[in-house]
Amino acid sequence: MPVDLLNSTKELLSRELGLCKMLRAMISRELETIVLDGDMDELLRILRSKDDVIAQLQLLADSWQDLLFDMGIVRPQGTEGLGRDIRAMFPDDEELPLLLEKTRTLAEGIMKAEEEAQAELEKHAAGLRRQITSRIHGRRVANSYAKMGGSSF
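Every value quoted in this text rests on a predicted model; they were computed, and no experiment measured them.

Calculation notes
Every chain is numbered on its own, with residues counted from 1 as its sequence reads. A pLDDT threshold of at least 70 governs which residues receive local features in this predicted model, and a stricter bar of 80 or more applies before side-chain atom pairs are shown or counted, although totals over entire chains, interfaces and linings include all residues. Only hydrogens and water are set aside when side-chain values are computed; all heavy atoms of the structure are taken into account. Per the convention used, a helix needs a DSSP run of H or I reaching at least four residues, while a strand needs a run of E reaching at least two, with both numbered from the N terminus. Buried means the residue's accessible area, taken with a 1.4 Å probe over protein chains only, is under 20% of the maximum for its type, while exposed means over 50%, and partly exposed covers the values in between. The contact definition used throughout considers only heavy atoms, calling two residues in contact when any of these lie within 4.5 Å. Shrake-Rupley sampling with a 1.4 Å probe provides the accessible areas, and residues are treated as covered by the protein chains on show and by no other component. Criterion for a salt bridge: a side-chain nitrogen of Lys or Arg within 4 Å of a carboxyl oxygen of Asp or Glu.

A. Just the overall build of the chain, in detail. For the chain, the helix and strand inventory stands at four helices and zero strands. Mapped in sequence order, the helices and strands of the chain form the string α-α-α-α. The buried share of the chain, taken over its 153 residues, is 30%. Considering only intrachain contacts with a sequence separation of at least 6, the fraction spanning at least 24 residues in the chain is 66%. About 10,400 Å² of surface is accessible on the chain, with carbon and sulfur atoms providing 55% of the total.

This is the structure:
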């Protein structure tokens, strides 16, 4: 296999690792914002930033498809065994398996963290719904009391 395909593979893996690390940090910040801060403006800013990183990862996936085609590997995106096939293309390279493993491990961590962030956001949203419902009920009670001649402050 030509050296340029190996270098291109490593470059894409390095770019993917960098983007995945950014995404992982954003998810951590998202969790912190949901659980500790409750700052919806910050949460929305983080979500927009995550969208930008995800868009970059999608563009990178297109680059992967082009490179895989150049390698003669034609399969649907996200197919199992792709890392094995790439390693088989460059069996003598020692760095490539490490990059592939780091990428796989980080991607798994991102999926778990994203699930946790989603669950926390759902809990937070449920709590907000309860608060809003409680406040609406409280206002109705106060309005009824005032209509019956009760004092208002």
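B. Seen up close, the pattern of salt bridges. Inspection of the entire model under this criterion finds twelve salt bridges. Glu101 is the partner of Arg104 in a salt bridge, and the nearest nitrogen-oxygen pair spans 2.4 Å. Pair noted here: Arg104 and Glu101 are both in helix 4 (residues 95-147), with a separation of three residues, about one helical turn. A residue is classified by how much of its surface remains accessible, and Glu101, at 37% relative accessible area, is partly exposed. Lys123 is the partner of Glu120 in a salt bridge, and the nearest nitrogen-oxygen pair spans 2.9 Å. Here Lys123 and Glu120 lie together in helix 4, a separation of three residues that amounts to about one turn.

C. Just the side chain of Thr33, in detail. With respect to the secondary-structure elements, Thr33 resides in helix 1 (residues 3-37). Sequence-distant contacts of Thr33, that is, excluding residues within four places in its chain, are made with Gly38, Asp39, Glu42, Leu43 and Ile46.

Interpretation in functional terms is not warranted from these geometric data alone.
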